[in-house]
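What follows is the residue order along each chain.
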Amino acid sequence: MAERTVRKTKNGGKVVTKVNKAGKTVVRRKNAEGKTTKVTREGKNGAVVRKKGADGKTTSITRGTKNGGTVTRNKRDNGKVKRVTRTNAAGKTVSRAKGKDGETTRVTRTNAKGTKVIRNKKTGTSTRVRTNKKGQKVTTKIAADGTKTKTRGPKV
């Protein structure tokens with residue numbers, strides 16, 4: 001039988017730690033009703049964290065990558081992936097939003113200058129958001145045909 005420990009939490013839930021058959025540690029967090037809210041286990045590249053909603057379905061999975069980054073998959077109610085967020089070891093993040101059909105609809109990233117770049121893959125538009133020297137938020141929208149529209153936020 002696998003080794004198992006149970007610890008009570010302040011809100012009346014439990015933290016169950018167990019060593020599985022493969023010798024890996026699995027930690028389950030349960031709420032006061034006894035439903036599992038989070039499962040953490042050892043993976044090949046660090047911990048794999050699976051979060052669950054009130055209905056018991058998985059809402060997100062976070063795992064490590066071999067280059068020291070992380071990958072998070074946020075899921076819809078039907079179990080399909082809603083968003084994939086990748087963070088590399090340097091902390092740069094690229095987020096891909098997916099439609100109900102599973103196709104990537106939007107890619108969000110931050111470029112080397114610190115500008116947030118949002119690319120809409122369905123319409124072909126690109127949006128760049130940055131802060132200028134005066135502290136104003138500057139949004140540049142580039143349409144699929146190359147037309148640029150620049151808007152500035154209020155003066156600071």
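Undergrad: What exactly am I supposed to notice about the overall build of the protein chain here?
TA: A count of helical and extended segments in the protein chain gives zero helices and 14 strands. Walking the protein chain from its N terminus toward its C terminus, one meets helices and strands in the order β-β-β-β-β-β-β-β-β-β-β-β-β-β. For 156 residues, the compact-globule estimate of 2.2 N^0.38 gives 15 Å, and the protein chain exceeds it by more than 25% at 21 Å. Projected onto its principal axes, the C-alpha positions of the protein chain cover 65 × 35 × 35 Å. Out of the 156 residues belonging to the protein chain, those deemed buried represent 24%. Across the protein chain, the fraction of contacts at a sequence separation of at least 24, relative to all contacts at a separation of at least 6, is 0%.

Undergrad: Whenever I open this one, the environment of Lys-14 confuses me. Can you help?
TA: Structurally, Lys-14 can be placed in strand E2 (residues 14-19). In the structure, Lys-14 is positioned 17 residues away from Asn-31 in sequence and 6.6 Å away in space, judged by C-alpha atoms. With sequence-adjacent residues up to four places away left out, Lys-14 is seen in contact with Val-6, Arg-7, Lys-8, Thr-9, Arg-28, Arg-29 and Lys-30.

Undergrad: Can you help me understand the side chain of Thr-127 in this one?
TA: With respect to the helices and strands, the residue Thr-127 is situated in strand E12 (residues 126-131). Its relative accessible area of 16% is what places Thr-127 among the buried residues. Not counting the four nearest positions on each side in its chain, Thr-127 is found in contact with Lys-116, Val-117, Ile-118, Thr-139, Thr-140 and Lys-141.

Undergrad: What am I meant to see in the pairing of strand E4 (residues 36-43) here?
TA: Within a regular strand, side chains alternate between the sheet's two faces. When strand E3 (residues 25-30) meets E4, the two strands line up antiparallel, connected through five bridges. By the bridge assignment, Arg-29 is partnered in E4 with Lys-38. As consecutive antiparallel partners, E3 and E4 are separated by five residues, and within that stretch Gly-34 has a phi angle of approximately 95°, a positive value. Bridging between E4 and strand E5 (residues 46-52) involves six bridges; their strand directions are antiparallel. Bridging from a neighbouring strand, Glu-42 pairs with Ala-47 of E5. Taking the residues that link successive antiparallel strands as the turn, the E4-E5 hairpin has two residues.

Undergrad: Help me understand the side chain of Thr-115, please; the structure alone is not making it clear to me.
TA: When you line up the elements, Thr-115 lands in the loop between strand E10 (104-110) and strand E11 (116-120). When residues no more than four places from it in sequence are discounted, the contact partners of Thr-115 are Arg-109, Thr-110, Arg-128, Val-129 and Arg-130.

Undergrad: Is there a simple way to explain the environment of Gly-79 in this structure?
TA: Checked against the element boundaries, Gly-79 lands in the loop between strand E7 (70-75) and strand E8 (81-87). Considering only alpha carbons, one finds Gly-79 and Thr-58, 21 residues apart in sequence, at a separation of 7.5 Å.

Undergrad: For this particular structure, what's the right way to read the pairing of E8?
TA: Across six bridges, E7 lies against E8 in antiparallel orientation. Paired with Thr-70 across the strands is Thr-87, a residue of E8. What sits between the antiparallel neighbours E7 and E8 is a turn of five residues, in which Gly-79 has the positive phi angle 95°. Examined bridge by bridge, E8 and strand E9 (residues 93-98) share five bridges and lie antiparallel to one another. Pairing of Thr-87 across the sheet is with Thr-93, part of E9. Hairpin connection, E8 to E9: the antiparallel pair is bridged by five residues, and Gly-91 has positive phi, about 95°.

Undergrad: Would you explain the environment of Lys-121 in this entry?
TA: Looking at where Lys-121 falls in the secondary structure, it is placed in the loop between E11 and E12. Assessed through its relative accessible area of 45%, Lys-121 is described here as partly exposed. Considering only alpha carbons, one finds Lys-121 and Arg-106, 15 residues apart in sequence, at a separation of 5.6 Å. In this view, Lys-121 contacts Thr-104, Thr-105 and Val-107; residues no more than four positions away in its chain are not counted.

Criteria and thresholds
Residues numbered from 1 in each chain as written. Predicted model: local features only at pLDDT ≥ 70, side-chain atom pairs only at ≥ 80, totals over all residues. Heavy atoms only, no water. Helix = DSSP H or I, 4+ residues; strand = E, 2+ residues; numbered from the N terminus. Rg over C-alpha atoms; globule rule 2.2 N^0.38 Å. Buried < 20%, exposed > 50% of the residue type's maximum accessible area, 1.4 Å probe, protein only. Contact = heavy atoms within 4.5 Å. Pairing = 2+ DSSP bridges.

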